[in-house]
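Below, each chain spelled out in residue letters.
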Amino acid sequence: MFLAAHGWSASKPSRYGSAVISARNDVMVGLDPGSTPVEWRISEGLVAYEAALALMEARAAAIADGSASELIWLLEHPPLYTAGTSAKANELIAARFPVHSAGRGGQFTYHGPGQRVVYVMLDLKRRGPDVRRFVATLEEWIIRTLASFDVAGERRADRIGVWVRRPDKGAACEDKIAAIGIRIKRWVTLHGVALNIDCDLSHYAGIVPCGVCDPRYGLTSLADLGRAVTLTEIDVALRREFEHLFGPVARSQSATDSLVPSFPAI
């Protein structure tokens, strides 16, 4: 049975056979675990965005065709900005880094070293074609991962992503610690989440992150919150909490795999 989270009611059985939590009246978290374990891969170094995008597109098509297994891909990118389908030109303040059209939902965001990017390629046709439930489950995944490091992440009805209260910055101040942006093609998901661990937060100054310009809302990372956490520690927590919410991960794989060429980490 899952524990209740902020803004969510007590857990109840799912018609898919796994425990879930009610949210926002009719949205649930926790998905059908699927028919086979999910492939889990971690790339070392910094992966070029164009290469990641091409791999995602090809893998998602193969999943939809039934010729490849679902995939969770953990990586880091070199410093760059991505523009979602709702990005506005005036929200790119200064193109300090390369700007890529992502094809996902949302506005501008930043990726760079010290941020764990997780690309999530799952078949919602088999797991349940409920987009809101999928997004809520991504949020819950990050919230539970953060709890492993004594950080209280929270969701907001009017702001996608995971937020941390910052009373030290003033009344009603909150910082985003994880961004979520997805695309769904033939009911297979692409893109996913980006969790700030120890990235350079000043790099966000070149954009209006996710279109949020209210001065009460900023950006943070685990390091900014005083948590010294390694990528390896984050990856272990992510995998553990993923299995609780999405189902089993294939156990026979090597822990690390270079799906595409990468640059040395800097």
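Keep in mind that this is a model prediction, so the values were computed, not measured.

(A) Quick look at helix α3 (residues 131–147). Its 17 residues give α3 an end-to-end C-alpha distance of 25 Å, which sits within 8% of 24 Å, the value for a rise of 1.5 Å per residue. Where α3 begins, one side-chain oxygen reaches toward the backbone nitrogen of Arg-132, 3.3 Å away; that side chain belongs to Asp-130.

(B) Layout of empty space enclosed by the protein. Considering all chains together, one arrives at 1 cavity of 30 Å³ or more under this definition. Roughly 50 Å³ of internal volume is contained in the largest cavity. Looking at the largest cavity, the residues that line it are Thr-109, Tyr-110, Gln-115, Lys-176, Ile-177, Ala-178, Ala-179, Ala-194, Asn-196, Tyr-204, Cys-210 and Leu-219. Among the elements of the structure, β8 (108–111), β12 (174–185) and β13 (188–196) are those that each provide at least two residues to the lining of the largest cavity. With 4 residues, the single largest contributor to the lining of the largest cavity is β12. For the lining of the largest cavity, a count of residues per class yields 8 nonpolar, 3 polar and 1 charged.

(C) Just the nonpolar core, in detail. Core analysis: the biggest nonpolar cluster contains 38 residues, and Ile-72 and Trp-141 have the highest contact counts within it. Of all the elements in the fold, those that place two or more residues in this core are β4 (39–47), β5 (71–76), β9 (115–121), α3, β11 (159–165), β12, β13 and α4 (231–246). The element best represented in this core is α3, accounting for 7 residues. What Trp-141 contacts, discounting residues up to four positions off in sequence, is Trp-40, Ile-72, Val-118, Val-120, Leu-238, Glu-241, Phe-242, Leu-245 and Phe-246.

(D) Main features of the pattern of salt bridges. Using the criterion set out here, one finds 23 salt bridges in the structure. Arg-126 is paired through a salt bridge with Asp-123; the nearest N and O atoms lie 2.8 Å apart. Judged by its relative accessible area of 43%, Arg-126 falls in the partly exposed class. The salt bridge involving Glu-174 is made with Arg-159; its shortest N-O contact spans 2.9 Å.

Conventions adopted
- Residues numbered from 1 in each chain as written.
- Predicted model: local features only at pLDDT ≥ 70, side-chain atom pairs only at ≥ 80, totals over all residues.
- Heavy atoms only, no water.
- Helix = DSSP H or I, 4+ residues; strand = E, 2+ residues; numbered from the N terminus.
- Expected span 1.5 Å × (residues − 1).
- Polar contact = N/O pair within 3.5 Å; in protein donor to acceptor, adjacent residues only side chain to side chain.
- 1 Å grid on protein atoms, 1.4 Å probe; cavity = no way out; pocket = protein on both sides within 12 Å on 5 of 7 lines; lining within 4 Å.
- Points joined across faces, edges and corners; volume = space filled by probe spheres on them.
- Nonpolar A, V, L, I, M, F, W, Y, C, P; charged D, E, K, R; others polar.
- Core = buried A, V, L, I, M, F, W, Y, C linked by side-chain atoms within 4.5 Å.
- Buried < 20%, exposed > 50% of the residue type's maximum accessible area, 1.4 Å probe, protein only.
- Contact = heavy atoms within 4.5 Å.
- Salt bridge = Lys/Arg side-chain N within 4 Å of Asp/Glu carboxyl O.

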